[in-house]
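Structural overview for review
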Amino acid sequence: ICVFIALLGSAGLIAFCFVSGLMIKASITTVPDDCKNYTIVVLGCKTIDDEPSWMLKDRLDKAYKELLKNPDVMCVVTGGQGEDEKYSEAYVMKKYLTEKGISADRIIIEDSSTSTEENLLYTKATIELNGLSHNVVIVTDRFHELRARIWAEKAGFDNIYSACCDT
């Protein structure tokens, strides 16, 4: 039985290391310096009244820095309204970014999604509807980036980059 437990523990450690490696790889795939044609996609998170939670604020601050770096880039903020939220996450995100000085014309709201899967599916449609670049920079937390990347690939995005917040 000790051998079985040791094998099981080893298998678990190998699986943990493998998944951790995938998560790290997904979170360090940043946009190349020579790529100026992309769309920033900020994934939603909990809001409190009309303010972002601390986790969402971290995402928005990262998006803000990215938007400042390239003033021609557009942004899609994505997230619907939870049962315990007064406003949609996307509304709160756009409000936060515009209050920091980002032009409202650069921010498009997708406020129907209720999951990471829907965030990326509905964002794909929003990007197509608005004629935006299909090169996307996903802004989320480092631990969430791999799952977001998987759903982005399933939604049909090809060039997926990350701009992660520290977790």
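This write-up is about the structure you can find in this document. (Residues numbered from 1 in each chain as written. Predicted model: local features only at pLDDT ≥ 70, side-chain atom pairs only at ≥ 80, totals over all residues. Heavy atoms only, no water.)

1. Concerning the pattern of salt bridges
- Following the criterion strictly, the structure yields ten salt bridges and no others.
- Across the salt bridge formed by Asp50 and Lys95, the nearest N and O atoms sit 3.5 Å from each other. Here Lys95 lies in helix α3 (residues 89-99) and Asp50 lies in the loop between β2 (47-48) and β3 (51-52), a separation of 45 residues in the sequence.
- When the shortest N-O distance is used, the salt bridge between Lys57 and Asp61 registers 3.1 Å. Of this pair, Lys57 and Asp61 both sit in helix α2 (residues 54-69), four residues apart, roughly one helical turn.
- Taking relative accessible area as the criterion, Asp61 reaches 17% and is therefore assigned buried. (Salt bridge = Lys/Arg side-chain N within 4 Å of Asp/Glu carboxyl O. Helix = DSSP H or I, 4+ residues; strand = E, 2+ residues; numbered from the N terminus. Buried < 20%, exposed > 50% of the residue type's maximum accessible area, 1.4 Å probe, protein only.)

2. Re the sheet that holds strand β1 (residues 39-43)
- Overall, parallel pairing links the five strands, which are arranged β5-β4-β1-β6-β7 in an open sheet. Pairing within the sheet leaves two strands with one partner each, and these edge strands are β5 (107-110) and β7 (160-165). Pairs of neighbouring strands in the sheet enclose a mean axial angle of 25 degrees, with direction left out of account.
- Bridge analysis of β1 against strand β6 (residues 136-141) gives four bridges, and the strand direction is parallel. Residue pairing in the sheet places Ile40 in a bridge with Val137 of β6.
- In the packing of α2 onto the sheet, contacts are made with β1, β4 (74-78), β6 and β7, and the angle to β1 comes to roughly 170 degrees.
- Packing of helix α4 (residues 116-129) onto the sheet brings it into contact with β1, β4, β5 and β6, and relative to β1 it is tilted by some 150 degrees. (Pairing = 2+ DSSP bridges. Axes fitted to C-alpha atoms, helices over the stretch in contact; angles between N-to-C directions. Contact = heavy atoms within 4.5 Å.)

3. Some remarks on the packing of α2 against α3
- Remark: α2 packs on α3, axes separated minimally by 10 Å, with the N-to-C direction vectors making an angle of 50 degrees. Regarding the angle of α2 to α3, the classification is oblique. Of the two elements, α2 crosses α3, and the hand of that crossing is right-handed. In contact with Leu56, Lys57, Leu60, Asp61, Tyr64 and Leu67 of α2, α3 contributes Met93, Tyr96 and Leu97.
- Class assignment of the residues belonging to the contact of α2 with α3 gives a composition of seven nonpolar, no polar and two charged. (Parallel < 35°, antiparallel > 145°, perpendicular 65-115°, else oblique. Left-handed = near helix turned anticlockwise from the far one by under 90°. Nonpolar A, V, L, I, M, F, W, Y, C, P; charged D, E, K, R; others polar.)

4. Quick look at helix α5 (residues 145-155)
- For α5, the full list of buried residues reads Glu145, Leu146, Ala148, Arg149, Ala152 and Ala155.
- Just downstream of α5 lies Gly156, where phi reads positive at about 110 degrees.

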